[in-house]
Structures are given as C-alpha cells and as structure tokens.
Amino acid sequence: MPDIDPWGDIQVGAYKEKMERFGIDAFDDQLDKLPTKNRYMRRDIIYGHRDFGRVADAIANGDDFAMMTGLMPSGKFHFGHKMVADQIKYYQELGADVYVAVADIESYTTRNIPHEKAREIAIDQYLLNYIALGIDPENLTFYFQSDGSTSYHTKSKFFSKNTTQNEIEAIYGDITPGKVTAALTQVADILQPQFEENGGPKPTVVPIGTDQDPHMRFTRDIAARTDVQDFIKPSSTYHKFMRGLQGGKMSSSKEKSYIALSDPIDEAKQKIDQAKTGGKQSLEKHRKQGADVDEDMVYELLAFHLIEDDDRLNRIYREYDSGEMLSGELKQIAKDELETFLQTHQEKREQARDRLDAYRDL
Ligand code: TRP
C-alpha cells in the first residue's frame, strides 16, 4: 500500500518527510512574490507546493488563473473546513476563477453516502458558511459532480485512456473500481477550469491537505499526456491539518474534537475549557519551565483562526512559552475571541440563508 491513502484516515505531521519523499517544494520561497499573504501562508501552515510559481506569476502579471477545490460532504462545518473556505476567499479576492466541486459521486462510490444527503449537507453546511465567511457566490462555480456537464463527464471517461493499471497501483495501491471512478472524476474537476468552454489553459491552484496529493500527481500526469486538449499542469499548495481540541485527529465523528461554526457559543467555550493544553502540572513548574506551546490545542486555534495580528500572536507565544502566561489565561483569550467571531458569523449566516434556494434543485 502506498503511504498516502486519500480515502484513509488523515495523517497529521511528518510534513518534512512527505515533502522529500514525494517531491513537494517548500512554500516559503513563494511568499515574496505574492501581493498579499493570508494567515496560513504567513504562519507556515501552508508549507508546501507543486509548481505554485506559475500561479504567483499570473497573479503578479494580472493574467487569468483559477482556483479549484472539492469537498466531501460530511457532518457539520467546523474550523478544520474553514481553512479551505478562507483560501477560497483569498484567491477570489485576487481575481481567480473559482470552482468548488461537491464530491457527491465520490461520496457515493467510496463512502456509500446517498447523493441527495450529500447535496443537503453541501448546501446547508458548506455553502451557507462560505457565504457568511464572505465568499461571493455570484463569482463562484459551485457544482455537484453528479450534475456536471456532458463535456465534463465525457472527458473524465476519456482520461482513463491516459493512464495504466501500473500507474494506478503505484499511486493508489489496489483500489476498488468505485475509487478509480472517484479518481478520474477528480481529474476532471481539477482540469475543468482549463476546458476550452471555460477559457482554455490557465494556471490553476488546488489548495489541499497532503492526503490529497496522490490525486494531484495523477492529474498532473494525465494533463501532460492527454490529447483531449492542451492543459497546463495544475499546481497545488499543501496545508498542515489542524489537530483536534483534545489532541490527535479532528474528526466529524468526535464531537469534542472540533468546534462547529454553528455551535452555540456556550458549548463552544466549554470545548475550549476541556481542550488539551501545553501547560505544566503545577504552577511552580509552569512558571519555571513555561508551556509546551506547540502541543497546545488552544494556541493552535488562535494561530489558525482567531488571531489575525501577527505581533499579537507572537506576544502570546512568548508569554506562554516563558511561563508568564497561564493556560487559563490563554483559554480566556480564546473564549473571548471565539465569542466575538461566532456571534458575528452566526448573524451573517442567518442573513445568507435566503441565497441558498437557487442551489437546491439545480
Ligand atoms: N477527494 C476530495 C476529498 O476527499 C474531494 C474532491 C473532489 C476534491 N474533487 C476535488 C478536492 C478536486 C480537490 C480538488 O476531500
């Protein structure tokens, strides 16, 4: 079995090793080219890329470019999902053609989720929160794989000619026909912004977690080989995963591992109270040795989402790291920030609701 399985449990950590093993480049050499840098870029949370240079060049030169992502609809929309939403917003504001695929073919063929259910979750959880987070739905191609155009479905099948059983096994291992179908559908998703009817070849960035890299390698190979039409090999960026509040993985099936953007504020704050911290057992030890900040899930929430100002975040890091700040004080900061964020967000979400009807029965 190859060691990244895009349908398996996500693997948190070991980012350096994966970069070396799979030839992912470090993102920091790209930073200076960008006119603005989002939180994830500034904080080394987006740590790697493939061929991002051509996207950065397109941004700098005002050339056409696209951003493409897809979602596997499951459970409530939480802070882990917000990472991709923030990146959609970032590229949309830089002028990208934005495409978001709801992977309802994939969730049906690989996870047995009825596609009506997938549709409902995608609209009521993902799209609603996207709009409330400031993504402009008018400037976004939000589509369901099962509703794709004839050209999309035909190309997805044609691409099967541009790969071999050997390649599929080398990239994915021994997979079911359902997964092969999902992979070929994802190739069509990623190349769709470049279809002739969508303006032809253009740099395209796909922001993903490392678990999705096999699909990138597969798509890039097919893009280079196919005679369906000309394509520029798509680019990707790789972000670290946010860990669960209790440490370990964040997962929709573990209520206390995540904060959903629809959680009542009191419950959300309680989850912070119960989170794993990097504080020491005794006050004396904490004051002397300081906190283990990198193992503190409350700090992680602040760094990934709740504090935009880098100076303020660095100050908190130093004070907590030195033992001057206690875990309780850090939690208080997080609870205050979370309350402010959720209150505004939840109001915006109510205002966004009436914009959803257009998507229900496309
Ligand atoms: N396979 C992705 C997941 O499991 C979903 C997906 C479908 C996707 N099409 C995509 C992701 C295109 C990025 C680009 O989450």
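Because the structure is predicted, anything quoted here is derived from the model rather than measured.

*Asks:* Please explain the domain arrangement of the protein as it appears in this structure.
*Replies:* The extent of an interface is frequently quoted as the accessible surface area lost upon association of the parts. Along its sequence, the protein is carved into domain 1 (15–241) and domain 2 (255–353). For domain 1 and domain 2, the distance between their C-alpha centroids amounts to 30 Å. Contacts between the two partners involve 19 residues from domain 1 and, on the opposite side, 26 residues from domain 2. In this assembly, domain 1 packs against domain 2 so that about 1900 Å² is buried in total across both faces, 61% of it on carbon and sulfur atoms. When the area that domain 1 buries against domain 2 is broken down by residue, the three leading residues are Arg43, Phe79 and Leu128, summing to 35%. One salt bridge connects Arg42 with Asp310, and the closest N-O pair in it is separated by 2.8 Å. Counting across the domain 1 and domain 2 interface gives 14 residue pairs in polar contact (both at pLDDT 80 or more). Of all the secondary-structure elements, those providing two or more residues to the side of domain 1 that touches domain 2 are α2 (39–42), α4 (79–93) and α6 (115–132).

*Asks:* Hey, could you run me through the environment of Arg50 in this one?
*Replies:* Considering the arrangement of structural elements, one finds Arg50 in strand β2 (residues 46–50). In this structure Arg50 comes out as buried when scored by relative accessible area, which is 9%. Leave out the neighbours within four places in its chain, and Arg50 touches Phe22, Gly23, Ile24, Asp213, Arg217, Arg220, Ser235, Ser236 and Tyr238. A distance of 3.2 Å separates polar atoms of two side chains, one belonging to Arg50 and the other to Tyr238.

*Asks:* Hey, could you run me through the site of the ligand in this one?
*Replies:* Around the ligand, the neighbouring residues are Met68, Thr69, Gly70, Met72, Ala103, Glu106, Gln145, Gln186, Asp189, Ile190, Val206 and Gln212. In the model, a nitrogen atom of the ligand is placed 2.8 Å from a nitrogen or oxygen of the Glu106 side chain. The contact in question runs from a nitrogen atom of the ligand to an N or O atom on the side chain of Gln212, over 2.9 Å. In isolation the ligand has 360 Å² of accessible area, and contact with the protein removes 91% of it. Here the ligand is seated within the largest pocket.

*Asks:* Can you help me understand empty space enclosed by the protein in this one?
*Replies:* It is a probe the size of a water molecule, rolled over the atoms, that shows where empty space is left. Within this structure, the stated rule accounts for one cavity of 30 Å³ or more. When its volume is computed, the largest cavity comes out at roughly 70 Å³. Lining the largest cavity, in full, are Asp3, Ile4, Asp5, Asp9, Ile10, Gln11, Lys18, Thr210, Asp211 and Phe241. When the residues that make up the lining of the largest cavity are grouped by side-chain class, the tally is three nonpolar, two polar and five charged.

*Asks:* Please explain the packing of α6 against helix α15 (residues 327–352) as it appears in this structure.
*Replies:* Angle between the axes and distance between the axes: these two values describe a pair of packed helices. Look at α6 against α15: their axes get within 8 Å of each other, and the N-to-C directions meet at 110°. The angle between α6 and α15 places the two elements in the roughly perpendicular class. Crossing hand, α6 versus α15: right-handed. Only His345, Lys348, Arg349 and Ala352 of α15 make contact with α6, whose side of the interface consists of Leu128, Asn129, Ile131 and Ala132. Across the contact of α6 with α15, the residue classes break down as four nonpolar, two polar and two charged.

*Asks:* Would you explain the layout of surface pockets in this entry?
*Replies:* The computed volume of the largest pocket comes to approximately 1100 Å³. Around the largest pocket, the lining is made up of 40 residues, and of these Ile10, Met72, His81, Asp211 and Phe241 lie nearest the centre. Of all the elements in the fold, those that place two or more residues in the lining of the largest pocket are β3 (66–71), α4, α5 (104–111), α6, α9 (177–191) and β6 (204–209). Grouping the amino acids of the lining of the largest pocket by side-chain chemistry returns 19 nonpolar, 15 polar and six charged. What lines the second largest pocket is a set of 23 residues, and nearest its centre among them are Arg39, Lys82, Asp86, Lys89 and Glu308. Elements supplying a minimum of two residues to the lining of the second largest pocket: α2, α4, α13 (297–306) and α15. Grouping the constituent residues of the lining of the second largest pocket by class yields eight nonpolar, six polar and nine charged. Of the residues that make up the lining of the second largest pocket, three or more belong to each of domain 1 (15–241) and domain 2 (255–353).

Quick notes on the rules
- Residues numbered from 1 in each chain as written.
- Predicted model: local features only at pLDDT ≥ 70, side-chain atom pairs only at ≥ 80, totals over all residues.
- Heavy atoms only, no water.
- Domains from an automatic or database assignment.
- Contact = heavy atoms within 4.5 Å.
- Buried area = accessible area lost by both parts, 1.4 Å probe.
- Salt bridge = Lys/Arg side-chain N within 4 Å of Asp/Glu carboxyl O.
- Polar contact = N/O pair within 3.5 Å; in protein donor to acceptor, adjacent residues only side chain to side chain.
- Helix = DSSP H or I, 4+ residues; strand = E, 2+ residues; numbered from the N terminus.
- Buried < 20%, exposed > 50% of the residue type's maximum accessible area, 1.4 Å probe, protein only.
- Near = heavy atom within 4 Å.
- Areas by Shrake-Rupley, 256 points an atom, 1.4 Å probe, with all protein chains shown as cover.
- 1 Å grid on protein atoms, 1.4 Å probe; cavity = no way out; pocket = protein on both sides within 12 Å on 5 of 7 lines; lining within 4 Å.
- Sits in = over half its atoms within 2 Å of the grid points.
- Points joined across faces, edges and corners; volume = space filled by probe spheres on them.
- Nonpolar A, V, L, I, M, F, W, Y, C, P; charged D, E, K, R; others polar.
- Axes fitted to C-alpha atoms, helices over the stretch in contact; angles between N-to-C directions.
- Parallel < 35°, antiparallel > 145°, perpendicular 65-115°, else oblique.
- Left-handed = near helix turned anticlockwise from the far one by under 90°.

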